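Structure at a glance
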Amino acid sequence: MRRGSIASLLGIGVIAGGIAAAVALALPWLPKPASEEADRIDPLFWFVIIICIVVFAVVAAVMIYSITHFRAAPDDDSDGPPVHGHTGLEIVWTIIPTLLVTAIGIYSAIVLGRNDALGANVMRVNVTAQQFAWSFSYPEAKGLTSGTLRLPKGRSIQLVLQSKDVIHSFWVPEFSQKEDTVPGIVTTLHFTPNRLGTFPVICTELCGLGHSVMRTTAIVMTPAAFDKWLHSQTKAVSSPDAGVAGAAVFKNNQCGACHTLTAAGASGNVGPDLDKLPAYAQAAGKPVDAFVRESIVDPSAYVEKGFPDNVMPHTYGSALSKQELDGLVQYLVSSSKKG
Ligand code: CUA
């Protein structure tokens, strides 16, 4: 091979590799990690990207060089010389990819194994997915439920995921962890949040009309702030004062995102106005208490005119404890009378 050819091959390779590297580095492909697992996955991602850039540069150099140097002259319809392979070259282009792919496989297996391993003092959170909402309950706090996922920083978290209807998928990009929720089986997901902040929880499996809005937030707090929240919520939810308990359940489950309730300062307009519950109950022909309870457990039992059915999740009947449900019903009944 001529020296000039090697120089042009190298030149093209460096330019192609440089362009690929610039594209890789200039755009923010990955969110800033917020878990120990993401901190392990990010270097693995870059390890694979670097290999890809080198392979791309070699292939692009050979291809561009061949296109420009071995171009047939116009009107040259003759066949090229017969070539019967090159054993040395074939051994090289088999061994190098084998080594690269094996290295990626070993590195990935190590990261996967470490990411799946639960730490000491694991905190379990039960996750229920349903068209089109997430609900999180904390066995450590007697099943306290919340519509947002609050977590203490630095603790090994195991999510135990279930679906009430179709397949959904739990994803927090900053945690670099994702898991499907599948009706009929229980799946689990492990991660260790290591950065304070509020991150999006996204459903990443097409699950119906409301798929794009099946979102909530994960809030990573200091362990002290988390304990304080857990205690205050547990205390509020189990308060003998139904107003306090129900208000906490209302807030935790983000009812105000869809409903208006003056007493809670909520002004959502996706679902019926809860200040008008007595009027709705009358239209449904039921006592207010029974009507409110039924509407939470089975939202399809009575659908107010002008609002679509099946928008409110049917999960609350099972996600809320009896005490939480009782508190919420009492709170709604008394607030709507006042409202
Ligand atoms: Cu649930 Cu998409």
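Above this note sits the structure.
Scope of this entry: the structure provided in the associated data block. (Residues numbered from 1 in each chain as written. Predicted model: local features only at pLDDT ≥ 70, side-chain atom pairs only at ≥ 80, totals over all residues. Heavy atoms only, no water.)

Some points on the pattern of salt bridges
Applicable threshold: Salt bridge, as used here: a side-chain nitrogen of Lys or Arg that lies within 4 Å of a carboxyl oxygen of Asp or Glu. Helix numbering and strand numbering both begin at the N terminus, where a helix is a DSSP run of H or I of at least 4 residues and a strand a DSSP run of E of at least 2. Categorising residues by exposure relies on relative accessible area from a 1.4 Å probe, with only protein chains included: less than 20% of the type maximum marks a residue as buried, more than 50% marks it as exposed, and the intermediate range marks it as partly exposed.
Counting across every chain of the model gives seven salt bridges. Put simply, E140 and R155 hold a salt bridge, and the shortest N to O gap is 2.6 Å. Taken together, the residues span a long stretch of sequence, with E140 in the loop between strand 2 (133-138) and strand 3 (144-146) and R155 in the loop between strand 4 (149-152) and strand 5 (157-163) at a distance of 15 residues. Accessibility expressed as a relative area gives 45% for E140, which makes it partly exposed. The salt bridge involving D326 is made with R293; its shortest N-O contact spans 2.9 Å. Remark: R293 occurs in helix 7 (residues 288-297) and D326 occurs in helix 9 (residues 322-338); sequence separation between them is 33 residues. Among the charged side chains, a salt-bridge network with shared partners connects E36, E37 and R40.

Description of the side chain of S336
Worth spelling out the cut-off: Any two residues whose heavy atoms approach within 4.5 Å at even a single point are treated as in contact.
With respect to the helices and strands, the residue S336 is situated in helix 9. The contact partners of S336, leaving out residues within four places of it in the chain, are L274, D275, L277 and P278.

A short note on the pairing of strand 7 (residues 177-181)
Which entries qualify depends on this criterion: Strand pairing requires that DSSP identify at least two bridges connecting the strands.
Examined bridge by bridge, strand 6 (residues 168-172) and strand 7 share five bridges and lie antiparallel to one another. Its bridge partner being in strand 7, S169 is matched across the sheet by D180. Hairpin connection of strand 6 to strand 7: four residues between the antiparallel strands, including S176 at a positive phi of 55 degrees.

Side note on the packing of helix 4 (residues 223-237) against helix 5 (residues 242-252)
Put simply, the test is: Axis angles are defined between N-to-C directions and span 0 to 180 degrees, where every axis is a line fitted to C-alpha atoms and, for a helix, only to the segment in contact. Working rule for angles: under 35 degrees goes down as roughly parallel, over 145 as roughly antiparallel, 65 to 115 as roughly perpendicular, anything else as oblique. We call Asp, Glu, Lys and Arg charged. Ala, Val, Leu, Ile, Met, Phe, Trp, Tyr, Cys and Pro are nonpolar, and the rest, Gly among them, are polar.
At a minimum axis distance of 7 Å, the contact between helix 4 and helix 5 shows a crossing angle of 130 degrees. By the angle class used here, helix 4 and helix 5 are oblique. The residues of helix 5 that touch helix 4, namely those facing W229, Q233, A236 and V237, are V244, A245, A248, V249 and N252. Residues belonging to the contact of helix 4 with helix 5 are distributed by class as follows: seven nonpolar, two polar and no charged.

Brief notes about the environment of I51
Within the element layout of this structure, I51 appears in helix 2 (residues 36-69). Sequence separation of I51 and N252 is 201 residues, and the distance between their C-alpha atoms is 47 Å. In contact with I51, other than residues within four places in its own chain, are L100 and I104.

Describing helix 5
Every buried residue of helix 5 is listed here: A242, A245, G246, A248, V249, F250 and N252. After helix 5 finishes, the residue Q254 shows a positive phi value of roughly 55 degrees.

Brief notes about the sheet that holds strand 5
The mixed open sheet is built from five strands, whose spatial order is 3-2-1-5-8. Looking at which strands have only one partner, the edges of the open sheet turn out to be strand 3 and strand 8 (187-191). Here the average twist between neighbouring strands, direction ignored, is 25 degrees. Pairing geometry for strand 1 (residues 123-130) and strand 5, over seven bridges, is parallel. Counterpart to N126 in the pairing with strand 5 is V160.

So, the layout of surface pockets
As a reminder, the rule being used: The pocket and cavity definitions rest on a 1 Å grid over protein atoms only: a 1.4 Å probe that fits but cannot leave marks a cavity, an open set with protein on both sides within 12 Å along at least five of seven lines marks a pocket, and residues lining either have an atom within 4 Å of a point. Grid points are joined across faces, edges and corners, and a volume is the space filled by probe spheres set on the points.
Reported here for the largest pocket is a volume of approximately 1,000 Å³. Forming the walls of the largest pocket are 42 residues, and the residues nearest its centre are C258, H259, V311, M312 and P313. Here the element with the most residues in the lining of the largest pocket is helix 7; it accounts for four residues. When its residues are assigned to classes, the lining of the largest pocket shows 29 nonpolar, 10 polar and three charged. Of the volumes computed, that of the second largest pocket is approximately 450 Å³. Every residue along the wall of the second largest pocket is listed here: I51, V54, V55, V58, V59, V62, L89, V92, W93, I96, P97 and L100. Of the residues that constitute the lining of the second largest pocket, the class distribution is 12 nonpolar, no polar and no charged.

Looking at the packing of aromatic side chains
Worth spelling out the cut-off: When the centres of two rings from Phe, Tyr and Trp lie within 6.5 Å, Trp using its six-membered ring, the rings pair. Their planes under 30 degrees apart give stacked, over 60 give edge-to-face, and anything left gives tilted. Sitting over a ring, as applied to charges here, requires NZ of Lys or CZ of Arg to be within 6 Å of the ring centre and within 35 degrees of the ring normal.
All chains considered together, the criterion is met by 11 aromatic pairs. Pairing Y138 with F226 gives two aromatic rings, centres 6.1 Å apart and planes at 50 degrees, and the pair type is tilted. In this pair, Y138 is assigned in strand 2 and F226 in helix 4, connecting sequence segments 88 residues apart. Each of the two residues, Y138 as well as F226, counts as buried. Every member of this aromatic cluster is reached through a ring pair, and the members are Y138, F226 and W229. The residue whose ring lies beneath K178 is W171, and the NZ or CZ to ring-centre distance is 4.8 Å.

Thoughts on unusual backbone geometry
Omega for the peptide link from Q131 to F132 comes to 0 degrees, which places this bond in the cis form. Take F132: it is sitting in the loop between strand 1 and strand 2. For N121, which is not glycine, the phi dihedral falls at a positive 55 degrees. N121 gets classed as exposed once you look at its relative accessible area, which sits at 57%.

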